[in-house]
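Results of the structural survey
This is what each chain is made of:
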Amino acid sequence: MPAVHKLLLEEALQDSPQTRSLLSVFEEDAGTLTDYSNKLLQTMQRVYGAQSEMGLATEQLSKQLLEYEKQNFALGKGDEEVISTLQHFAKTVEELNSLHSELATLIADRMVYPMIQFREKDLTEISTMKEIFGISHWPVTIIVCSLAEHEAAMVKYSRLPKKRENEKAKAEVVSEVAFARRKQHQASMQYYCALNALQHRKRVAMLEPMLGYTHAQINFFKKGIELVTKKMDTFLSSVSSMTQSIQSQLDTEAESMRMTQRDLLSVEDMVYMPDRDLDPVNRTLIQKAGYLNIRNKTGLVTTAWDRLYFFTQGGNLMCQPRGAVAGGMVMDLDNSSVMAVECEDRRYCLQITSPTGKTVVSYHHFSWNNNRSIILQAESKREYEEWICTLNNISRQIYLTDNPEAVAIRLNQTAIQAVTPITSFERRQEGSPNPDRAKPGGVVVTAAASQKPTVAPEPDDLIALGTPIQFDIMLPASEFQDQNRAGGRRTNPFGETEEDSSSDSDDSLLQQVFAVRFLGSMAVRSGHTQEVIYEAMRQVLAARAIHNIFKTSESHLMVTSNSLRLIDPQTQVTRISFQLGDVTQFAAHQENGRLMGFVVECRDWSEGEEEGSPSFSAFVFESHTEGEKICYTISLGKEIIEAKKDPEALAQLMKSMPLTNDGKFLLLESESGDTSNGGGEEDLESEA
């Protein structure tokens, strides 16, 4: 170690300018050392703070690793191996935390504390001595108090007179000068010693903290190596293998996703275009989900359309708005009516009507309560048709069967084959309705018809092969048979006679209105068997399904004691009218009670016959109520027609009229001519 510079104590008493210059160098060195030591101490304290924070952080890390098991991950199935591994890591981190805490303590004791001692004991002492004994206007530092006393004593000594010497005064001044010089000498030597000692202590002060820090780190690393090598070699190797396996799976999955993404993006732009579906319509679905627009009433006359996610669940239609955690039920689809509608000049609209009048459930801020029906809009034609088919399949309660998919396929095949001639009527007995179901709608069979054998007729005997089906109410189906005929009197296309206008005013004994939808009509060969109505229903429904005809308009079917009239509910204009006497047969469907139909007999005098050749047309309707109610009302009207021939029989009929909870029987006035008998029955309204 090279020698250090020092101040000579022998020169302290002399206090020469050279000594003062050298003293200023030592003071400058002490000042530089003080500034550096303060910065070094701040850095060491920062290291200690970081190490202390490391200990707190590792402790928090250990606790957080244990919290993984308590997290309720929605997709946490299969994380048992990860949980056990993290628990092992938490235990290891806890042991490392103890090592970090021990390292922080060693850093504080062996590095930070020695530097603080050096600054407080050595540097502060030099600074204090300099502040106490220093003087600002001198170029070097000297002992202020001693100097002042020495200067004062020297002034007195210099003023001693030459002639009149006073030995006593001289002795006192000399003694005072000597005391001041001694005091100055002692202070100077003390200050010189402190500055000389600082040159040695600064070397120790720089090396000792770093020596302690290095030993602390070595101790930390030794214990850490023992911890890792003895306890964690096998564990770390297994964790490394597990992470490599997971990474390999991730790479494989990422490559698979990239390939899938590339394949999905390589399709044509038509995939992203609405209403460009290339796949055929699946009519056998019993479950479906997707986005639909629903019309929501926002005011008395204003509506708004909301895009919601709809799905079917069992026999219910559900919806789930965006942001909702679960779906809610919109309505019960069992026996509901699903049909295409025109709504606000929008395409692909369909209407679902509840058959029982149940209140539709309100969900979140969307409210459709107090409505028996809702209107939905699909995005494309394919979605539109599939939703209608799916909802119709659910309304038939196919989902309750043992094999709903097979039943749906079978019904779809039946619909496709419906317009194909069948060789034997008995082959479709499974799907044929029971004629006895609608016995209230039966008619009085004529004598000629009663003598016919009861053998089941063939389909060709009921409806001619290739008979066109009319889905509009503009003309009755019998006009298709008359379009190529020439001469003679043609049947009125609306089934009305010249006397129809006056008969309405006389028709007062029975008047009942039903909300119905016209499905179709067609010419038939026979008009006195219910099988012809069932066959017409089958062919009309099958033709609608095959040709994707779902649009129907609502009408009012008015049954009176004289006629059947189909009235437009908006304009109250009669679309078509038939005399009740011309209705030869009527019946309701066996499986779908809302379906009903009737056969009308017309006369054609084009061949010159005296009474005209009879022709028959079958009309099929879907009602909002049970079809048997309409059949019962028609049967009641026919009984009234027969009873009108005898006033007493008519009065007896009115008295014995059975009343039910369905339908309305309205008696306006008596047509018997006896005002006494009919006056009390005016405006009588009862349930029929």
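The rules we used
- Residues numbered from 1 in each chain as written.
- Predicted model: local features only at pLDDT ≥ 70, side-chain atom pairs only at ≥ 80, totals over all residues.
- Heavy atoms only, no water.
- Helix = DSSP H or I, 4+ residues; strand = E, 2+ residues; numbered from the N terminus.
- Buried < 20%, exposed > 50% of the residue type's maximum accessible area, 1.4 Å probe, protein only.
- Contact = heavy atoms within 4.5 Å.
- Areas by Shrake-Rupley, 256 points an atom, 1.4 Å probe, with all protein chains shown as cover.
- Polar contact = N/O pair within 3.5 Å; in protein donor to acceptor, adjacent residues only side chain to side chain.
- Pairing = 2+ DSSP bridges.
- Axes fitted to C-alpha atoms, helices over the stretch in contact; angles between N-to-C directions.
- Expected span 1.5 Å × (residues − 1).
- Core = buried A, V, L, I, M, F, W, Y, C linked by side-chain atoms within 4.5 Å.

As a further point, take the overall build of the protein. A count of helical and extended segments in the protein gives 14 helices and 16 strands. Among the 688 residues that make up the protein, the fraction classed as buried is 40%. Residue pairs at least 24 apart in sequence account for 70% of intrachain contacts in the protein once pairs closer than 6 positions are excluded. Carbon together with sulfur atoms contributes 52% to the accessible area of the protein, which is approximately 39700 Å² in total.

Another point: the environment of Y399. In this fold, Y399 is placed in the loop between α5 (381–395) and α6 (404–416). Overall, Y399 belongs to the partly exposed group, its relative accessible area being 22%. Counting along the chain gives 112 residues from Y399 to Q287, while the straight-line C-alpha distance between them is 9.0 Å. Of note is the side chain of Y399, whose polar atom sits 2.7 Å from the side chain of D334.

The 7 strands lie next to each other as β4-β3-β2-β1-β7-β6-β5, forming an open sheet whose pairing is antiparallel. In this open sheet, the two edge strands, each paired with only one partner strand, are β4 (328–332) and β5 (337–340). Sheet twist, expressed as the average angle between the axes of neighbouring strands with direction ignored, equals 40 degrees. In terms of strand pairing, strand β2 (residues 303–313) meets strand β3 (residues 316–320) through 5 bridges, oriented antiparallel. Looking at β3, one finds that Y309 is bridged to Q320. Seen against the sheet, α5 touches β1 (289–297), β2, β3, β5 and β6 (349–353) and runs at an angle of roughly 15 degrees to β6.

Both trends apply: most residues other than glycine have a negative phi, and most peptide bonds are in trans. One non-glycine residue, Y348, adopts positive backbone phi at about 55 degrees. The topology assignment puts Y348 in the loop between β5 and β6. Even without glycine at this site, Q397 takes up a positive phi of about 65 degrees. For Q397, the location among the structural elements is in the loop between α5 and α6.

To continue, consider helix α11 (residues 530–546). Each turn of an α-helix holds 3.6 residues, which means side chains three or four residues apart point in the same direction. With 17 residues, α11 extends 25 Å from end C-alpha to end C-alpha; this agrees with the ideal 24 Å at 1.5 Å per step. With 14 of 17 residues buried, α11 lies mostly within the body of the structure. Trailing α11 by a residue or two, N548 shows a phi angle of about 55 degrees, which is positive.

This paragraph deals with the pairing of β6. The buried fraction of β6 is high, at 5 of 5 residues. Of the two faces of β6, both are covered, the one formed by C349, Q351 and T353 as well as the one formed by L350 and I352. Judged from the 4 bridges that link them, β5 and β6 form a sheet pairing that is antiparallel. Paired with S337 across the two strands is T353, which belongs to β6. One ladder, built from 5 bridges, connects β6 with strand β7 (residues 373–377); its direction is antiparallel. Bridge pairing in β7 places I352 opposite I374.

This part is about the nonpolar core. In this structure, F118, L195 and L198 are the most contacted members of the largest nonpolar core, which totals 27 residues. When contributions to this core are tallied by element, the ones reaching two or more residues are α1 (17–66), α2 (80–133) and α4 (167–265). Dropping the residues within four chain positions of it, L198 is found in contact with A30, L33, F118, D122, L123 and I126. Among the nonpolar cores identified, the runner-up in size contains 24 residues, and L292, M331, I352 and F550 belong to it.

So, about the environment of Q199. Counting through the fold element by element, Q199 comes out in helix α4. Residue classification places Q199 among the buried positions, given a relative accessible area of 9%. Residues Q199 and H5 lie 194 residues apart in sequence; the distance between their C-alpha atoms is 7.5 Å. At 3.0 Å, the side chain of Q199 forms a polar contact with the side chain of D29. One polar contact links Q199 to K202, side chain to side chain, over a distance of 3.4 Å.

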